[in-house]
Amino acid sequence: MIRDAHGRKMSKSLGNVIDPLEVINGITLSGLHKRLEDGNLDPKEMKTAKEGQAKDFPDGIPECGTDALRFALVSYTAQSDKINLDIQRVVGYRQWCNKLWNAIRFAMSKLGEDYIPPSDIIPETMPFVCKWILAILNKAISKTVASLESYEFSDAATTVYAWWQFQLCDVFIEAIKPYFSGNDPVLASSRRSAQYTLWLCLDNGLRLFHPFMPFVTEELWQRLPSRKDSIRKESVVISEYPSVVQDWVNDEVELEMSVIETVVKSLRRAGFVRFRTDDACHTIKKHEMVLCTLATLSSLDVLRGAINMEAELEKLKKKMEEVQKQYDTLMKKTTATGKPARILNGKFLPLLLLEATILFFSV
């Protein structure tokens, strides 16, 4: 049973009845009032109903689309057979559809108009971050399929959403940007691997997401290039659902990436990290470019052996003070000229990046 956001049963006299078409297409508050007036409510009930609508939907109901409503209802099934439908949650999923669209647009710009995915690739030769995202995608596929087979639709929807949002968009797409920032021949091989991995993620990710958001995934999947030696299905709805690829399994890479993600979070919070094992320190140095990209660092220093923690912290504080002074000066100039913070006198201002020091603390 679908109830309103407050857990009340939908009733015309309360003015809390939500028509799915009004969520899909959107409606103004006056439109909601008109729907009540066209009914047969008692004048007293009419007043109460309009007050309820004005309280719950002061600006009416924004257009959310079919996919956002569908995904919200599927996600709600985890709580019970009674759904307390909050329109703002549906609006949030509509906004996420825009993010999905932008992610595909970014990917297509990196693939290029004439891109043709290779027929095969050897995972062992791929960059570290490419191995990682395929390993995580493999787990997402496995969990989604298992959830669908056991009719745990909310778990399946959450798994796919989490992979798109937190692994693909927040980590992988950010981590591969250095490969496309120039035409360095040293990165040519990594760039090609990143392109193919990106295509694999989009192809599998859209097919994985299709049962939950059929319209936007169909539109985006049709835009993807196809392999030269394969026969493309006419629609994503009749294409094969993703399945686990054994060659993508890589527990070692997942473990190393978990260390990097932990370090990134610590650097953003404290500016430094302490490790007690050589393995962790080795992992950081081996994947320095990935860490610097995700943490938005200009440089990375790894100090070994016993160190003076107080002295290092004092250095970091001085660096932060210097950056703060540069920031304050920049803002004063920006305010005086009335121009955006990133542009001054027609020139782009360099980003002020803090140097992070990873402190290796020996036991």
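Residues numbered from 1 in each chain as written. Predicted model: local features only at pLDDT ≥ 70, side-chain atom pairs only at ≥ 80, totals over all residues. Heavy atoms only, no water.

Student: Got a minute to help me understand the overall build of the protein in this structure?
Tutor: For the protein, the count of helices and strands is 13 helices and seven strands. The 363 residues of the protein split such that 42% are buried. Summarising the internal contacts of the protein: among those between residues at least 6 apart in sequence, 74% fall at separations of at least 24. When the accessible surface of the protein is totalled, it reaches about 20,400 Å², and 53% of it is carbon and sulfur. (Helix = DSSP H or I, 4+ residues; strand = E, 2+ residues; numbered from the N terminus. Buried < 20%, exposed > 50% of the residue type's maximum accessible area, 1.4 Å probe, protein only. Contact = heavy atoms within 4.5 Å. Areas by Shrake-Rupley, 256 points an atom, 1.4 Å probe, with all protein chains shown as cover.)

Student: Mind showing me how you'd approach the packing of aromatic side chains here?
Tutor: Two measures describe an aromatic ring pair: the distance that separates the ring centres and the angle between the ring planes. With the rule as written, the count across this model stands at 11 aromatic pairs. Looking at R89, its charged tip hangs above the ring of Y76, at a distance of 4.3 Å from the centre. Over the ring of F106 we find K177, and its NZ or CZ is 5.6 Å from the ring centre. (Phe/Tyr/Trp six-rings, centres within 6.5 Å; stacked < 30°, edge-to-face > 60°. Lys NZ or Arg CZ within 6 Å of the ring centre and 35° of its normal.)

Student: Even after reading the chapter, I still don't get the environment of L168, so can you show me in this structure?
Tutor: Positionally, L168 belongs in helix α7 (residues 153–175). The exposure class of L168 is buried, given its relative accessible area of 0%. With 34 residues separating them along the chain, L168 and L134 place their C-alpha atoms 9.9 Å apart. The residues touching L168, leaving out its near neighbours within four places in the chain, are I133, W163, I173, C201 and L202.

Student: I tried to follow the packing of helix α5 (residues 87–111) against helix α8 (residues 188–209) on my own but got confused; where do I start?
Tutor: Two quantities define a packed helix pair, namely the angle between the helix axes and the distance between the axes. Running from amino to carboxyl end, α5 crosses α8 at an angle of 150 degrees, the nearest separation of the two axes being 10 Å. By the criterion of interaxial angle, the relationship of α5 to α8 is roughly antiparallel. For the pair α5 and α8, the crossing hand works out as left-handed. Residues W96, I104, A107, K110 and L111 of α5 lie in contact with α8, whose contacting residues are Q195, L198, W199, L202, L206 and F209. Taken together, the residues of the contact of α5 with α8 break down into nine nonpolar, one polar and one charged. (Axes fitted to C-alpha atoms, helices over the stretch in contact; angles between N-to-C directions. Parallel < 35°, antiparallel > 145°, perpendicular 65-115°, else oblique. Left-handed = near helix turned anticlockwise from the far one by under 90°. Nonpolar A, V, L, I, M, F, W, Y, C, P; charged D, E, K, R; others polar.)

Student: How should I be thinking about the nonpolar core in this particular structure?
Tutor: Note that soluble globular proteins tend to have their nonpolar side chains buried in a common cluster. Grouped together as the largest cluster of nonpolar side chains are 90 residues, with contacts concentrated most on W132, W163, W164, L168, F172 and L291. Tallying contributions element by element places α5 first for this core, with 12 residues. (Core = buried A, V, L, I, M, F, W, Y, C linked by side-chain atoms within 4.5 Å.)

Student: What should I look at first to understand the pattern of salt bridges in this one?
Tutor: Side-chain pairs of opposite charge can arise whenever the charged atoms involved come near each other. Taken as a whole and judged by the stated rule, the model has 12 salt bridges. Between R207 and D203 there is a salt bridge, with the nearest N and O atoms lying 3.0 Å from each other. Here R207 pairs with D203, and both are found in helix α8, just four residues apart, close to one helical turn. The two residues R207 and D203 agree in class, both being buried. Measuring nitrogen to oxygen at the nearest pair gives 2.9 Å for the salt bridge that ties K286 to E256. Within this pair, whereas K286 is found in helix α11 (residues 278–286), its partner E256 is found in helix α10 (residues 251–270), the two being separated by 30 residues in sequence. With a relative accessible area of 42%, K286 lands in the partly exposed category. Residue classification places E256 among the buried residues on the basis of a relative accessible area of 12%. Each of D4, R8 and D56 takes part in one network of salt bridges that share partners. (Salt bridge = Lys/Arg side-chain N within 4 Å of Asp/Glu carboxyl O.)

Student: Hey, could you run me through α5 in this one?
Tutor: Think of an α-helix as 3.6 residues a turn; residues three or four steps apart then line up on the same face. With 25 residues, α5 extends 37 Å from end C-alpha to end C-alpha; this agrees with the ideal 36 Å at 1.5 Å per step. In the core, the buried residues of α5 are packed alongside α1 (20–25), α4 (65–76), α7, α8 and α9 (214–221). The N-capping residue of α5, defined by a side-chain oxygen 3.1 Å from the backbone nitrogen of Q88, is D86. (Expected span 1.5 Å × (residues − 1). Polar contact = N/O pair within 3.5 Å; in protein donor to acceptor, adjacent residues only side chain to side chain.)

Student: Please clarify how the environment of S243 should be interpreted in this entry.
Tutor: Relative to the helices and strands, S243 is located in the loop between α9 and α10. The sequence separation of S243 and K139 amounts to 104 residues, and the corresponding C-alpha distance is 10.0 Å.

Student: Is there a simple way to explain the confidence of the model for the protein in this structure?
Tutor: Averaged over all residues, the pLDDT of the protein is 84; the fraction at 70 or higher stands at 90%. Here residues 341–363 is a poorly scored stretch, pLDDT under 50, and it has 75 contacts once near neighbours within four places are set aside; other chains count. (pLDDT = per-residue confidence, 0-100.)

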